[in-house]
Structures are given as structure tokens and as C-alpha cells.
Amino acid sequence: MVAQDSVQVVAGSVQWQPGSGPAWNMSNDWLRDNCRCAACRHPGNGQKLYEIVDLPDDLRATAAAVLPDGGLQVRWSDGHVSDYAAAWLQDHALSEDARRSRRAHPTLWTGALGAQLPVADWPALLAEPALELAWLEQYAALGFGLLRKVPTEPGQVAQVGDRLGFVRVTNYGRLFDVKSVPNPTNLAYTAVGLGVHSDNPYRHPSPGVQLLHCLESEAPGGDTLLVDGFHAAEILRREDPAGFDLLRRVPMNFRYADAGTELRARQTLISTDVDGVVRAVHFNNRSADWLDAPAELAQAWYAAYRAFARILKRPELELIFRLAPGDCVVMQNDRTLHGRTAFDPGRGRRHLQGCYIDGDAMESRRLVLRRSART
Ligand SMILES: [Fe+2]
Ligand SMILES: [Zn+2]
């Protein structure tokens, strides 16, 4: 026998018992604010037509019934009547299981990912929406992706940026050069490696996505080094929960200054949402400024900072690969930290160009492609 949905109004809330799954208490304000009737939401664009202060403070449900199609009908104390489709109720359930299943589930990775880099050829991606969607899904899960066969012409990185999103112009311009040319008078000089970091944590907001396009890579070394900041944060949470908690609660200052620029931002190294899920990691040794926090927290905060920095240096977390001319790595700047191995600028040219875009446009593109793949 199939269990029937049932519903009743009990002091202060509507109790909904779906035929399968746990019962669920829907608070009056929450339920009413989700009314999709034509008086509450514009039928064309779905935008809300009232303000929250327009709802009575003492609003309550007076009656509720299961509709023949499995939906729910609620009558309200102000005379309004709301219908909720069964599918809507299912998609918006607030049970812990339902909320967990709706969350993004990043695929945490280590250096072992090396064999399965999320790669696509740029010309093919431009021509084939299914390929673009597959690449964007990998980008969303892993926090980075690699594009190959991007024409090796200066400025191309901004073209890619404007196709994936919108290039964000900063005080460095629309794009920036990371360039090293052999210098015969300085053959002994070896360009040092660069520890992993997120770019520009001294901005509000920090860049969402960084692109780095390789134009030349003759110099030995200078390989790209990536670390999954979300994975590192989860390791810290497991090994040092108190330290993890300090880094997500207590922000530090970041700063960049030159003759014409003074950029300052205050960020936590680890950001979590209301469910404790890691949403962002910002880490940059060069632009770290100072900790402006209650004095009694400083010693413990520094211990946590050091512990996190050590995790980010664990060799097993480091994904190392070489960018060849035409390769463009696209990184979620607040998750995938990047650096480079040392290289010998005396033995060849090395030239990368980079730019920043916001993350929302890429995410929108992924959701739109998903939507059209379904229809
Ligand atoms: Fe960087
Ligand atoms: Zn309504």
C-alpha cells in the first residue's frame, strides 16, 4: 500500500507528511513567502511583487489540504490562498538529507589527479556546447580546468576570459604579463619557485577566477603547481578542529601598495557557510599584512596559520604539470591555489599572460547549458 501525503495545521506551522520521507514543519512565514501565485510573483519573470513588511506580523495558516495532484493548498489568516506543487515541495524540502543533497559537492583532489587533468581543446569547446558543459562541470567539481590549443598570440587570454565570463579590469590592466627573457649577464640566476597562493586577496571582492595562458616556455622548470585549498582546509578541520575554527572566524589583513595604489582587504583564510561547508580559501604570503584581532587570540591564531601553511606544502597535495605554448589554465581563485617550481631564465624564454574574470558568469553558463541539455 502506498502511503498518502498528509497535512495539518498545528500551532504556528503547517505539518507536511509526504508519503515517503520524513515529516517536515513548514513555518508560516517561510511557506507564505514561497507562494508562487500571480499576486505574489510576476507570472512572466518570477520576481516578487510584495515586500516582506507587507505580510502581517501575526500571519498564520488556518487550513491546509493535499491537492489531487499531490500538491498542497494553504489558507491564510489574511484571506490569501496559496497552492504549492508537489515537485516544488520536493525540490525545496528543508530536511537535513534534502539540504545536504542540494549542496555543491566538490571533488577534493591531490597530486594523484595528474593522470586525469580536466582538459578540453579550446576550438572544440567553442564549437560544441556538450563539450563546453562537460568541461564546466569538471571545473565546478575540481576548481580548475585546462584548455589546450588556445592560439599563442598575445591578448588571447582576454578573449578566452570574455568568452567564459567578463574580463575584470584592475590596476594591472585587462591582462598582465609573467615574462622572463634570457639574460646572458645573469646566467647563474635561477628564478625561485613560488609558493601556492590565491591572487589578490587584498581586493573586495577577490578575483573569482584566474586564467594563465602560456605563450612561450623554453626555460627548464617553471612548472605549474596547484593545490586544492578546499582539501587542505578539510585536512586542517580533521587534524586541528580548533585551529580550523579560528581561521574561519578571525580575519587577517591583506595589502598591496605601489605609487598609485593602496588596496586593503580583511578576509578569513577559510570561509564557511551556515552549514559549515568550506566556501572559500584565501592564502597569500606576499600580500599578508597583519592580524588585527583580540590580543588573546593571536598566539593560537598563528599556530593555526602555521599548521594550515604546512598542510599546503605537503608534497602529496601538489599537482605539478607543465604548461606548453597554447595551454591556458583556468583556476577558481578562492579554491585552487597556484604557484610554480623554480626555473632557469638563463636557458630560455618564459612568457605567460593572465587575466581575471568573476566566477558567477562561468557558473551561469554552466547552469544555462545544463538547462538546455535537459530540454
Ligand atoms: Fe599568482
Ligand atoms: Zn500568493
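This text goes with the structure placed above it.
Residues numbered from 1 in each chain as written. Chains lettered and ligands numbered in written order. Predicted model: local features only at pLDDT ≥ 70, side-chain atom pairs only at ≥ 80, totals over all residues. Heavy atoms only, no water.

1. Comments concerning the layout of surface pockets
The volume enclosed by the largest pocket comes to roughly 740 Å³. Together, 26 residues line the largest pocket, and A104, A140, Q332, E363 and R366 are the ones closest to its centre. Every element with two or more residues in the lining of the largest pocket is listed here: α5 (129-142), β16 (278-281) and α10 (359-374). If you tally residues by element for the lining of the largest pocket, the top one is α10, at seven residues. In terms of residue class, the lining of the largest pocket is built from twelve nonpolar, five polar and nine charged. The computed volume of the second largest pocket comes to approximately 520 Å³. Around the second largest pocket, the lining comprises 22 residues; the ones closest to its centre are L194, H197, D199, R286 and H338. Taken together, the residues of the lining of the second largest pocket sort by class into nine nonpolar, nine polar and four charged. (1 Å grid on protein atoms, 1.4 Å probe; cavity = no way out; pocket = protein on both sides within 12 Å on 5 of 7 lines; lining within 4 Å. Points joined across faces, edges and corners; volume = space filled by probe spheres on them. Helix = DSSP H or I, 4+ residues; strand = E, 2+ residues; numbered from the N terminus. Nonpolar A, V, L, I, M, F, W, Y, C, P; charged D, E, K, R; others polar.)

2. Side note on empty space enclosed by the protein
A water-sized probe rolled over the atoms picks out the places where empty space is left. Following the criterion strictly, the structure yields one cavity of 30 Å³ or more and no others. When its volume is computed, the largest cavity comes out at roughly 60 Å³. Taken together, C214, S217, A219, G221, G222, T224, R322, L323, R350 and L352 form the lining of the largest cavity. Residues of the lining of the largest cavity, tallied by class, amount to four nonpolar, four polar and two charged.

3. A short note on the packing of aromatic side chains
All told, the structure shown has 13 aromatic pairs when counted by the stated rule. When the centroid spacing of 5.6 Å and the interplanar angle of 75° are considered together, the rings of Y172 and Y256 count as edge-to-face. Here Y172 is found in the loop between α6 (156-164) and β9 (176-180), whereas its partner Y256 is found in strand β13 (residues 252-258), with 84 residues between them in sequence. Accessibility expressed as a relative area gives 29% for Y172, which makes it partly exposed. Exposure remark for Y256: the relative accessible area of 24% places this residue in the partly exposed category. Here the aromatic cluster, defined as three or more aromatic residues joined through ring pairs, consists of F283, W301, Y302, Y305 and F308. (Phe/Tyr/Trp six-rings, centres within 6.5 Å; stacked < 30°, edge-to-face > 60°. Buried < 20%, exposed > 50% of the residue type's maximum accessible area, 1.4 Å probe, protein only.)

4. Observations regarding the pairing of strand β8 (residues 144-148)
Along any regular strand the residues' side chains alternate between the sheet's two faces. Across the five residues of β8, four count as buried, placing the element largely inside the fold. Note that strand β7 (residues 119-121) and β8 share three bridges and pair parallel. Its bridge partner being in β8, A120 is matched across the sheet by L147. In the sheet, β8 pairs with strand β18 (residues 328-332) via four bridges, with the strands oriented antiparallel. By the bridge assignment, L147 is partnered in β18 with C328. (Pairing = 2+ DSSP bridges.)

5. Quick word on the packing of α5 against α10
Close contact between α5 and α10 brings their axes to 9 Å; oriented N to C, the two are set at 130°. One finds that α5 runs oblique with respect to α10. Here α5 and α10 pass one another in a crossing that is left-handed. Listed contacts from α10 to P129, E132, L133, W135, L136, E137, Y139 and A140 of α5 are M362, R365, R366, L369, R370 and A373. Residues belonging to the contact of α5 with α10 are distributed by class as follows: nine nonpolar, no polar and five charged. (Axes fitted to C-alpha atoms, helices over the stretch in contact; angles between N-to-C directions. Parallel < 35°, antiparallel > 145°, perpendicular 65-115°, else oblique. Left-handed = near helix turned anticlockwise from the far one by under 90°. Contact = heavy atoms within 4.5 Å.)

6. Some points on the pattern of salt bridges
All told, the structure shown has 25 salt bridges when counted by the stated rule. One salt bridge in this structure joins E239 and R314, with 2.9 Å as the shortest N-O distance. Here E239 is found in helix α7 (residues 229-239), whereas its partner R314 is found in the loop between α9 (298-312) and β17 (319-321), with 75 residues between them in sequence. Relative accessible area serves as the criterion here: at 25%, R314 is assigned to the partly exposed category. A salt bridge links D273 to R279; the nearest nitrogen and oxygen atoms lie 2.8 Å apart. (Salt bridge = Lys/Arg side-chain N within 4 Å of Asp/Glu carboxyl O.)

7. Focus: the coordination of the iron ion (ligand 1)
Protein coordination at the iron ion (ligand 1) comes from H197 (NE2), D199 (OD) and H338 (NE2), with a distance range of 2.1 to 2.2 Å. In the primary sequence, the donor residues of the iron ion (ligand 1) line up as H-x1-D-x138-H. For the pair shown, H197 and D199 are each scored as buried. (Donors = N, O, S within 2.8 Å, 3.2 Å for Na, K, Ca; no water.)

8. Here's the deal with α7
The complete set of buried residues in α7 reads G229, F230, H231, A232, A233, I235 and L236. Of the residues that open α7, the one with a side-chain oxygen 3.1 Å from the backbone nitrogen of F230 is D228. (Polar contact = N/O pair within 3.5 Å; in protein donor to acceptor, adjacent residues only side chain to side chain.)

9. Things to note about the packing of α7 against α9
Helix-helix packing is characterised by the crossing angle of the two axes and by the distance between the axes. Two elements in contact, α7 and α9, have axes separated by 9 Å at closest approach and are oriented at 130°. Judged by the angle between their axes, α7 and α9 are oblique. Once α7 is placed against α9, the crossing between them reads as right-handed. Residues G229, A232, A233, I235, L236 and E239 of α7 lie in contact with α9, whose contacting residues are A307, F308, I311 and L312. Of the residues belonging to the contact of α7 with α9, the class tally is eight nonpolar, one polar and one charged.

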